[in-house]
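The lines below spell out each chain.
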Amino acid sequence: MKILVINAGSSSLKYQLFDMETEKVLAKGGCERIGISGSLLKAKGNGAEKVYEQDMPNHKIAIKLVLDALLDGEIGVIKSMTEIDAVGHRVVASGEYFKKATLVTPDVMKTLEEKTFELGPLHNPAAATGVRACMEVMPGKPMVLVFDSSFHSTMPPKAFLYGIDYDDYKKYSVRKYGAHGTSHKYVSQEAAKFLGKKAEELKIVTCHLGNGSSITAVDGGKCIDTSMGFTPLAGVLMGTRSGDIDASAVEFLARKKGMSHADTVTYLNKKCGVAGVSGVSSDFRDLCAGAEAGNERCSLALDMFAYQTKKFVGAYAAAMGGLDCIVFTAGIGENTPTVRADVCHGLEFLGVRFDDKANEAKNDGSIRVLSTKDSKVAVLVIPTNEELVIARETAELL
Ligand code: AMP
């Protein structure tokens, strides 16, 4: 069975084609600058890479180009479109409407477009555009929506509710939904496999630390709490996002800076986080270089990030009543030893024994153990693979 995974953004579209018997990636690539001049597709297949510089006024043309690349005489990996069994689409926000991967029908598209756009205004419209474009170019092919937030649908009300009027929660569905669910699901399952245990036996804290960061408590294979909230603005401070902040401080800032509601949310999403604190960059490589060169605000941003992450680890150990494993994943989790060390040092009281030497070893893309042999808590680095989860869930649904 071959599954095509599509991750559509407003002006970009990434894809991977999986052979599900081996779970190998047959081809992958991405379209950039869709709807903008200078659009191009970078495609890999058959061990080669090709760049197509072609106008892509919309997502439909982009999907057509992707299919042409999959059929290309040189880098193509299929002979006919009939070899693709289904398409899995990444969707960020599900609201309370979708609790698991869902086969696309006209009703499903109606709910996606009419109910979820306001919950994921930056991402969901782009995903829906990608689905519609695929349906036009590949009529009759099964399409599956795989939601980032589905893995968090097992959170109990005491974890997902805000302390607001319950009637307002019911009326407006204002609650915690979480994000990066496919990543948290993947790395928690891989951790159980790696440790030779059943997911049901383990209490794991998964730290997805990238440009967007979230921490999740996975108890017995199920999410019981996560740091992101109604939107991906909540939790720890991130590249450019503020993370958790007192709502009164938000109103105060808006008044002082003369910002509208919408401008204030944009400010909190785009101008804050470690970029705002350091005044240097949202990229942790720049922050590490800055800190090394003596820039105190870079050091402060790094300290804040590790401190806030550590607090979630502790909180979630308490919420689960124990801790067997901490997993680090995503750009920072996989590549920034100083953050991992600052999160784990001081957690000896929870049974963490951190191996500083193992932590400094180069990222070779494999699962790595950062805890000592006598550590009660396993500390692992596991490269995430959200696309594979989407492909698996699409295949399972079929
Ligand atoms: P992501 O959103 O998962 O792509 O993660 C982006 C973040 O990961 C950025 O802050 C980068 O600085 C960091 N990152 C990615 N790759 C590396 C690397 N090779 N070394 C250090 N940091 C990295």
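Above this text you will find the structure in question.
Since this is a predicted model, take the numbers as computed values, not measurements.

## Side note on the pattern of salt bridges
Here comes step 1: This model, assessed by the stated rule, comprises 16 salt bridges.
Here comes step 2: One salt bridge in this structure joins Glu 83 and Lys 2, with 3.5 Å as the shortest N-O distance. Of this pair, Glu 83 sits in the loop between helix H1 (59–71) and strand S6 (86–91) while Lys 2 sits in strand S1 (residues 2–8), placing them 81 residues apart in sequence.
Here comes step 3: Residue Glu 83 is classed as partly exposed on the basis of its relative accessible area, which comes to 24%.
Here comes step 4: In this structure, Glu 190 and Lys 193 form a salt bridge, with 2.9 Å as the shortest nitrogen-oxygen distance. One end of the pair, Glu 190, and the other, Lys 193, are both in helix H6 (residues 181–195), three residues apart, so they sit about a helical turn from each other.
Here comes step 5: The class of Lys 193 is exposed, set by a relative accessible area of 56%.
Here comes step 6: One salt-bridge network, held together by shared partners, links Lys 50, Asp 72 and Glu 74.

## Some thoughts on the site of the ligand
Here comes step 1: Inspection of the region around the ligand gives Gly 210, Asn 211, Ser 282, Asp 283, Phe 284, Arg 285, Ala 330, Gly 331, Ile 332, Asn 335 and Thr 336 as its neighbouring residues.
Here comes step 2: Within the contact set of the ligand, a nitrogen atom lies 3.4 Å away from a side-chain nitrogen or oxygen of Asn 335.
Here comes step 3: The fraction of the free accessible surface of the ligand (490 Å²) that becomes covered by protein chains is 65%.
Here comes step 4: Contributions of two or more residues to the shell around the ligand are made by helix H10 (284–292) and helix H12 (330–335).
Here comes step 5: Here the shell around the ligand gets four residues from one element, more than from any other, and that element is H12.
Here comes step 6: A per-class count over the shell around the ligand returns three nonpolar, six polar and two charged.

## Some thoughts on the packing of aromatic side chains
Aromatic ring pairs are described here by two measures, namely the spacing of the ring centres and the angle between the planes.
Here comes step 1: For the structure shown, the criterion picks out six aromatic pairs.
Here comes step 2: Between Phe 98 and Phe 147, the aromatic rings sit 4.6 Å apart at their centres with planes inclined by 10°, giving stacked as the arrangement. In this pair, Phe 98 sits in the loop between S6 and strand S7 (102–103) while Phe 147 sits in strand S8 (residues 143–147), placing the two residues 49 residues apart along the sequence. For the pair Phe 98 and Phe 147, a shared accessibility class is recorded, and that class is buried.
Here comes step 3: Seen from their ring centres, Phe 160 and Tyr 169 are 6.1 Å apart, and the 50° between their planes marks the pair as tilted.
Here comes step 4: For Tyr 169, a relative accessible area of 6% puts it in the buried group.
Here comes step 5: Following the ring pairs from residue to residue traces out a cluster consisting of Phe 160, Tyr 166 and Tyr 169.
Here comes step 6: A cation sits over an aromatic face here: Arg 175 above Phe 160, 3.6 Å from the ring centre.

Rules of the game
- Residues numbered from 1 in each chain as written.
- Predicted model: local features only at pLDDT ≥ 70, side-chain atom pairs only at ≥ 80, totals over all residues.
- Heavy atoms only, no water.
- Salt bridge = Lys/Arg side-chain N within 4 Å of Asp/Glu carboxyl O.
- Helix = DSSP H or I, 4+ residues; strand = E, 2+ residues; numbered from the N terminus.
- Buried < 20%, exposed > 50% of the residue type's maximum accessible area, 1.4 Å probe, protein only.
- Near = heavy atom within 4 Å.
- Polar contact = N/O pair within 3.5 Å; in protein donor to acceptor, adjacent residues only side chain to side chain.
- Areas by Shrake-Rupley, 256 points an atom, 1.4 Å probe, with all protein chains shown as cover.
- Nonpolar A, V, L, I, M, F, W, Y, C, P; charged D, E, K, R; others polar.
- Phe/Tyr/Trp six-rings, centres within 6.5 Å; stacked < 30°, edge-to-face > 60°.
- Lys NZ or Arg CZ within 6 Å of the ring centre and 35° of its normal.

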